[in-house]
Amino acid sequence: MSAGEVGIVVLGLKNVSDVQVGDTITLARNPVKEPVGGFERAKPFVFAGLYPIETDKFEDLRDALDKLKLNDSSISYEPETSVALGFGFRVGFLGLLHMEVIKERLEREFDLDLIATAPTVTYEVVQTDGQILRIQNPSQLPPVNKIEHIKEPYVKATIITPSEFLGNIITLLNNRRAVQTKMDYITPERVLLEYDIPMNEIVMDFYDKLKSSTKGYASFDYEPSDYRVGDLVKLDIKVAGETVDALSIIVPESKAQSKGRDFVKAMKEIVPRQLFEVAIQASIGNKVIARETVKSMGKNVTAKCYGGDITRKRKLLEKQKEGKKRMKAIGKVNLPQEAFLSVLKID
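Residues numbered from 1 in each chain as written. Predicted model: local features only at pLDDT ≥ 70, side-chain atom pairs only at ≥ 80, totals over all residues. Heavy atoms only, no water.

J.: Mind showing me how you'd approach the overall build of the protein chain here?
T.: Within the protein chain, the regular secondary structure consists of seven helices and 15 strands. Counting every position in the protein chain, which comprises 347 residues, the buried fraction comes to 41%. Long-range contacts, defined here as pairs at least 24 residues apart, represent 64% of the contacts in the protein chain between residues at least 6 apart. As displayed, the protein chain offers around 20500 Å² of accessible surface, 51% of which is attributable to carbon and sulfur atoms. (Helix = DSSP H or I, 4+ residues; strand = E, 2+ residues; numbered from the N terminus. Buried < 20%, exposed > 50% of the residue type's maximum accessible area, 1.4 Å probe, protein only. Contact = heavy atoms within 4.5 Å. Areas by Shrake-Rupley, 256 points an atom, 1.4 Å probe, with all protein chains shown as cover.)

Printed below as a string of structure tokens:
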């Protein structure tokens, strides 16, 4: 075939996703010695759970992702389950904007109602009996007394940036627990940095913050390195006394207090007001480290009492108080979609 011609290749594949855009196609009888250079699979930078609001739409979501991958090969996905949200997929995206675009396309083009959860990575948990567990969801963590230590994945990151933004990038990397391994000046104006970074620190908003702190000029690439022991804890979020497993995240113990405080503050702005007070708590195990309260909506039960005995008004107010206590005991809170993405807004 020459330039300008269009050809059709029949491969007899059972799954179209087995072929990536950029792959080299060759004859089985007369294969090429090596594929055309320059082809690399797209690396996802952000991982998040996508769950259908209606649980019977799981197969529809799978079909939609299969079709979407045909014209956007950069997304990757695998099945995932949640106690609160049921069956869904853990999907890898190129960035937060890409994640929002894909979610929007799934909802508009395939008529799906989806919930997106906080991004996560895969951890290795070494138990006291020597058994090693690989978990992708914080809710899969065993009890604290059975955990010897938790290993988190590290990546070898390579960043090329104009030298004027070097200070901004080093500050950002230090805040993300990164360890510098190399720094070279390619030219007087361009710097090459190599760092070992915990993958948990780059899956949320690292790429976006790197671009914004360098006016878009920095380039970023990474490759998986190894697993290293980290001082990590599971941060649980309780809404009205119930733990929401889809909101749980694994964080460094040194950052748990500040993360928990920021998380419940962000949640307070999102959780809708009820007829009873709603407590939003961040906890590590049984220890509550932060709390915010969503005030109840007020209803003026004494509006129809014009004058008359004060005891009548008191009786109505007491009745309302008892009713709110009862509602608090049996009431449930429906969390909006924004609640599951509030973790992305934590700095």
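Now that the structure has been shown, we can carry on.
J.: Would you mind going over the pattern of salt bridges with me for this structure?
T.: When the charged atoms of two side chains with opposite charge come close together, those side chains can pair. Taken as a whole and assessed by the stated rule, the structure comprises 15 salt bridges. One salt bridge connects Arg-90 with Glu-78, and the closest N-O pair in it is separated by 3.7 Å. You can see Arg-90 sitting in strand β3 (residues 86-93) and its partner Glu-78 sitting in strand β2 (residues 76-82), a full twelve residues away along the chain. You can call Arg-90 buried: its relative accessible area is 9%. As a salt-bridge pair, Arg-177 and Glu-201 come within 2.9 Å of each other at their nearest N and O atoms. (Salt bridge = Lys/Arg side-chain N within 4 Å of Asp/Glu carboxyl O.)

J.: Would you explain unusual backbone geometry in this entry?
T.: The general pattern is negative phi for most residues beyond glycine and trans for most peptide bonds. In this structure, Asp-111 takes a positive phi of about 55° despite not being glycine. For Asp-111, the location among the structural elements is in the loop between α2 (96-109) and β4 (114-116). On the accessibility criterion, Asp-111 (64% relative accessible area) is exposed. Of note, the phi angle at Lys-215 is positive, near 55°, even though the residue is not glycine. Inspection of the secondary structure assignment puts Lys-215 in the loop between α4 (206-213) and β10 (219-230).

J.: Sorry if this is basic, but what is going on with helix α5 (residues 253-270) here?
T.: For an α-helix, 3.6 residues make a turn, and residues three or four places apart therefore share a direction. The first and last C-alpha atoms of α5 sit 26 Å apart over 18 residues, in line with the 26 Å expected at 1.5 Å per residue. Its maximal kink placed at Lys-259, α5 deviates by approximately 30°. Buried within α5 are the following residues: Ala-256, Gly-260, Phe-263, Val-264 and Met-267. (Expected span 1.5 Å × (residues − 1). Bend = angle between axes of the 7 residues up to and from the residue.)

J.: What am I meant to see in the nonpolar core here?
T.: In a soluble, globular protein the nonpolar side chains are often hidden away together inside. Counting residues in each nonpolar core, the largest one holds 30 residues, and the members touching the most others are Ile-159, Ile-197 and Phe-206. When residues of this core are traced back to their parent elements, those giving at least two are β5 (123-127), β7 (147-162), α3 (166-175), β9 (190-198), α4 and β10. Setting aside residues no more than four positions away along its own chain, Ile-159 makes contact with Ile-169, Leu-173, Val-191, Leu-192, Leu-193, Phe-206, Leu-210, Ala-218, Ser-219 and Phe-220. (Core = buried A, V, L, I, M, F, W, Y, C linked by side-chain atoms within 4.5 Å.)

J.: Which parts of the structure should I look at to understand the confidence of the model for the protein chain?
T.: Any segment with low pLDDT has predicted coordinates that should not be analysed in fine detail. The predicted model of the protein chain has a mean per-residue pLDDT of 80, with 86% of residues at 70 or higher. Between the elements of the protein chain, mean pLDDT differs from a low of 57, seen in helix α7 (residues 337-341), to a high of 91, seen in β9. (pLDDT = per-residue confidence, 0-100.)

J.: How do you make sense of the sheet that holds strand β1 (residues 46-52) when you look at a structure like this?
T.: Note on sheets: strands pair through backbone hydrogen bonds, and any given pair is parallel or antiparallel. The antiparallel open sheet is built from four strands, whose spatial order is β2-β3-β1-β4. Looking at the sheet topology across the chains shown, the edges are occupied by β2 and β4. Each adjacent strand pair in this sheet contributes to an overall mean axis angle of 30°, direction not counted. Strand direction decides the pairing type here: β1 and β3, joined by five bridges, are antiparallel. Directly across from Ala-48, in β3, lies its bridge partner Val-91. Against the sheet, helix α1 (residues 58-71) engages β1, β2, β3 and β4, with an angle of about 15° to β3. (Pairing = 2+ DSSP bridges. Axes fitted to C-alpha atoms, helices over the stretch in contact; angles between N-to-C directions.)

J.: What am I meant to see in a nonpolar patch on the surface here?
T.: A cluster of nonpolar residues, Val-9, Leu-11, Leu-13, Val-19 and Ile-25, forms a patch on the protein surface that exposes about 430 Å² of accessible area. Within the secondary structure, Ile-25 is located in the segment before β1. (Patch = residues over 30% accessible without salt bridge, like charges linked within 9 Å, V, L, I, M, F, W, Y side chains within 5 Å.)

J.: It is not clear to me how the environment of Thr-214 should be interpreted in this structure. Could you clarify?
T.: You can see Thr-214 is positioned in the loop between α4 and β10. Ignoring anything within four residues of it in the chain, the contact list for Thr-214 reads Thr-161, Phe-165 and Ile-169. Within the local environment of Thr-214, its side chain forms a polar contact with the backbone nitrogen of Ala-218, the two atoms lying 3.3 Å apart. (Polar contact = N/O pair within 3.5 Å; in protein donor to acceptor, adjacent residues only side chain to side chain.)

J.: Would you explain the environment of Lys-156 in this entry?
T.: For Lys-156, the position within the fold is in strand β7. With relative accessibility at 32%, the residue Lys-156 sits in the partly exposed group. Sequence separation between Lys-156 and Ser-225 is 69 residues; the distance between their C-alpha atoms is 5.7 Å. Among residues more than four places away in sequence, those in contact with Lys-156 are Glu-194, Tyr-195, Asp-196, Asp-221, Tyr-222, Glu-223 and Ser-225.

J.: Just checking my understanding: could you explain the packing of aromatic side chains for this structure?
T.: Working definition: an aromatic ring pair is given by the centre-to-centre distance plus the angle between the planes. Tallied over the full model, the rule gives seven aromatic pairs. With 5.0 Å between their ring centres and 5° between their planes, Phe-58 and Phe-89 make a pair best called stacked. One end of the pair, Phe-58, is in helix α1; the other, Phe-89, is in strand β3, with 31 residues separating them in the sequence. On the accessibility criterion, Phe-58 (13% relative accessible area) is buried. We classify Phe-89 as buried; its relative accessible area is 1%. With 6.4 Å between their ring centres and 15° between their planes, Phe-165 and Tyr-217 make a pair best called stacked. (Phe/Tyr/Trp six-rings, centres within 6.5 Å; stacked < 30°, edge-to-face > 60°.)

J.: Which parts of the structure should I look at to understand the pairing of β7?
T.: Consecutive side chains of a regular strand alternate in pointing toward one face of the sheet and then the other. Of the pairings in the sheet, the one linking β5 to β7 comprises four bridges and is antiparallel in character. Bridged to Val-125 within β7 is Ile-150. Here β7 runs beside β10; their pairing, made up of ten bridges, is antiparallel. Counted as the bridge partner of Glu-152 is Arg-228 from β10. Pairing between β7 and β9: nine bridges, direction antiparallel. Each residue of the ladder has a partner; that of Ile-160, found in β9, is Leu-192.

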